[in-house]
Amino acid sequence: MKGIGLALLLAAPLQAQEFSGLARLDPAKSRIEDSRKGVEIDLALSQPVPWRIFTLDAPRRLVLDFAEADWSGADPAALLSGERATALRLGRGRPGWSRLVLDLAEPLGIDSAEMRTTPAGAARLRVALGPVTAEEFAARARAQDPAGEVLAAPERAAQGPLVVAVDAGHGGVDPGAMREGLIEADLMLRLARETAEAINRTGTMRAVLTRDDDAFVSLSERMTIARAAGAGLLLSLHADALEEDEASGGSVYTLSDEAQDAASSRMVERHQRGDLLSGLDLSRQDDRVATALMDLARLDTAPQSARLANALVAALREAGAHLNTRPHRSAPLAVLNAADFPSVLVEVGFLSNAGDRARLVDPAKRARIVSGLVAGLRAWAAEEAARAPLRRR
């Protein structure tokens with residue numbers, strides 16, 4: 001992890017049936033001391049818990065947050081030795097979190113950070129700090145929220161246009177809904193291509209298609225494609241059909257709150273460990289650690305998804321697209337399982353409704369949908385960028 005500049009979120013899930021009370025620190029088996037290059041932290045805990053690590057400047061310090069830990073019986077002076085770290089403080093952070101703060105005598109960056117679970121159910125957190133320049137230390141600290149949350153919007157701006165994964169639902173052996181000679185997979189591929197072209201014309205966003213022909217792409221592979229492209233969000237396009245033709249109009253779906261924990265567990269079971277979260281290799285982490293890592297990441301991306309849905313609904317309405325009477329909904333949809341980037345599913349209409357079918361085959365009516373989608377994406381991106389400095393404060 002040499003050179004990382006963002007907060008790490010590594011954890012095990014908070015489930016009452018697995019854990020009893022707080023994770024207790026074992027001071028006799030824990031140490032913070034100088035190493036040959038920097039500082040090594042070795043903390044023995046009674047059980048794995050969610051944790052975060054990040055650095056802050058002016059003054060220079062390393063922060064470890066745990067949800068949560070019992071520091072009783074720990075003597076900071078006895079835990080700390082060496083000269084590169086000058087002071088250690090243990091206490092409470094924000095509600096539900098315990099905090100460890102290590103004052104640094106010189107600029108040190110996070111070389112590695114890992115929590116391992118023992119067969120007996122205990123945990124060991126090991127962190128290695130190495131030398132960096134003062135300028136690099138300050139830059140990394142600025143890229144992090146003092147609460148330990150990753151600020152993705154400024155990073156995307158620094159790296160180039162916002163990458164939007166446009167996902168045409170179904171395809172290949174999975175045609176989706178079919179009515180009156182119309183096939184959902186074909187209609188959504190055409191709409192996805194038109195949306196991608198409009199996104200690319202903005203100059204501030206770049207689109208990547210999860211499929212560009214009539215091929216079957218699994219739901220997990222769609223997220224993998226988005227992640228490999230560095231996508232900042234996933235926009236999945238569908239047009240369902242019901243037994244009756246009364247329902248009509250577009251809706252934007254986000255992952256329901258009650259589905260989020262289950263979503264993390266399914267992702268751990270079905271995905272390769274290197275493909276769960278962009279930028280982190282979880283191949284050496286057990287299921288509980290990998291699951292809770294995604295749960296923590298979703299604390300940031302779930303609200304972003306909700307704001308994206310709201311922005312899309314408002315822009316689609318402004319563009320004159322036909323919307324359902326309940327345009328923002330939530331459901332346990334598998335394609336929205338990714339934890340490391342916001343995801344929404346847009347039901348652009350119902351193939352079971354004659355009016356919606358007509359709107360989806362009419363280029364002018366379809367253009368309203370495309371215009372609304374792109375406008376909503378731009379409004380959301382601007383809002384997230386505006387939120388970044390507020391979060392830093």
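Quick caveat, the model's predicted, so the values are computed rather than measured. (Residues numbered from 1 in each chain as written. Predicted model: local features only at pLDDT ≥ 70, side-chain atom pairs only at ≥ 80, totals over all residues. Heavy atoms only, no water.)

Turning to the sheet that holds strand β4 (residues 39–45), a few remarks are in order. Strand order in the open sheet formed by 4 strands is β3-β4-β11-β10, with antiparallel pairing between adjacent strands. For this open sheet the edge positions go to β3 (31–34) and β10 (108–117), each flanked by a neighbour on one side alone. Each strand axis lies, on average, 10° off the axis of its neighbour in the sheet, ignoring direction. (Pairing = 2+ DSSP bridges. Helix = DSSP H or I, 4+ residues; strand = E, 2+ residues; numbered from the N terminus. Axes fitted to C-alpha atoms, helices over the stretch in contact; angles between N-to-C directions.)

Between its first and last C-alpha atoms helix α4 (residues 184–201) spans 26 Å; for 18 residues at 1.5 Å apiece the expected length is 26 Å, and the two agree. Regarding α4, the residues found buried are Glu-184, Ala-185, Leu-187, Met-188, Leu-189, Leu-191, Ala-192, Thr-195, Ala-196, Ala-198 and Ile-199. Positive backbone phi, at 80°, marks Gly-203, one or two positions downstream of α4. (Expected span 1.5 Å × (residues − 1). Buried < 20%, exposed > 50% of the residue type's maximum accessible area, 1.4 Å probe, protein only.)

Another aspect to go through is the sheet that holds strand β18 (residues 323–331). Spatial ordering of the open sheet is given by β15-β12-β16-β19-β17-β18, a layout of 6 strands whose pairing is mixed. Of all strands in the sheet, those with a lone pairing partner are β15 (205–209) and β18, marking the two edges. In this sheet, neighbouring strand axes are inclined to one another by 25° on average, regardless of whether the strands run parallel or antiparallel. Two elements, strand β17 (residues 250–255) and strand β19 (residues 343–350), share 3 bridges in a ladder whose sense is antiparallel. Paired with Tyr-253 across the bridge in β19 is Leu-345. Packing against the sheet, helix α5 (residues 219–228) makes contact with β12 (162–168), β15 and β16 (233–240), and its axis sits at approximately 160° to β12. (Contact = heavy atoms within 4.5 Å.)

For β16, the buried fraction is high: 7 of the 8 residues fall into the buried class. The pairing of β16 with β19 spans 6 bridges and is classified as parallel. Counted as the bridge partner of Asp-240 is Phe-350 from β19.

Turning next to the confidence of the model for the chain. Confidence in the prediction for the chain averages 80 pLDDT; 77% of positions are at 70 or higher. Within the chain, the lowest mean pLDDT, 38, falls on helix α3 (residues 152–159), and the highest, 97, falls on β3. For residues 1–20, every residue scores under 50 in pLDDT, and the model assigns this stretch 74 contacts once sequence neighbours within four places are set aside. (pLDDT = per-residue confidence, 0-100.)

All right, on to the nonpolar core then. One finds Val-164, Leu-235, Leu-237, Leu-312, Val-346 and Leu-377 to be the most contacted residues of the largest nonpolar core, which totals 41 residues. Among the secondary structure elements, those contributing two or more residues to this core are β12, α4, β15, β16, α7 (287–318), β19 and α9 (363–392). At 8 residues, the largest contribution of residues to this core is made by α4. Those residues in contact with Leu-237 that lie beyond four places of it in its chain are Val-166, Asp-167, Ala-168, Gly-169, Met-188, Leu-191, Ala-192, Thr-195, Val-346 and Leu-373. (Core = buried A, V, L, I, M, F, W, Y, C linked by side-chain atoms within 4.5 Å.)

A few words now on the layout of surface pockets. Considering only enclosed or pocket space, the second largest pocket measures out at about 380 Å³ in volume. Contributing to the lining of the second largest pocket are 25 residues, with His-170, His-238, Leu-333, Leu-345 and Glu-347 lying nearest its centre. Of all the elements in the fold, those that place two or more residues in the lining of the second largest pocket are α5, β16, β18 and β19. Classifying every residue of the lining of the second largest pocket gives 13 nonpolar, 5 polar and 7 charged. (1 Å grid on protein atoms, 1.4 Å probe; cavity = no way out; pocket = protein on both sides within 12 Å on 5 of 7 lines; lining within 4 Å. Points joined across faces, edges and corners; volume = space filled by probe spheres on them. Nonpolar A, V, L, I, M, F, W, Y, C, P; charged D, E, K, R; others polar.)

For the rest of this paragraph, the subject is the environment of Asp-75. Looking at the element boundaries, Asp-75 is found in the loop between β7 (69–70) and α1 (76–79). Exposure remark for Asp-75: the relative accessible area of 43% places this residue in the partly exposed category. Taking the C-alpha atoms as reference points, Asp-75 and Pro-27, separated by 48 residues in sequence, lie 7.7 Å from one another.

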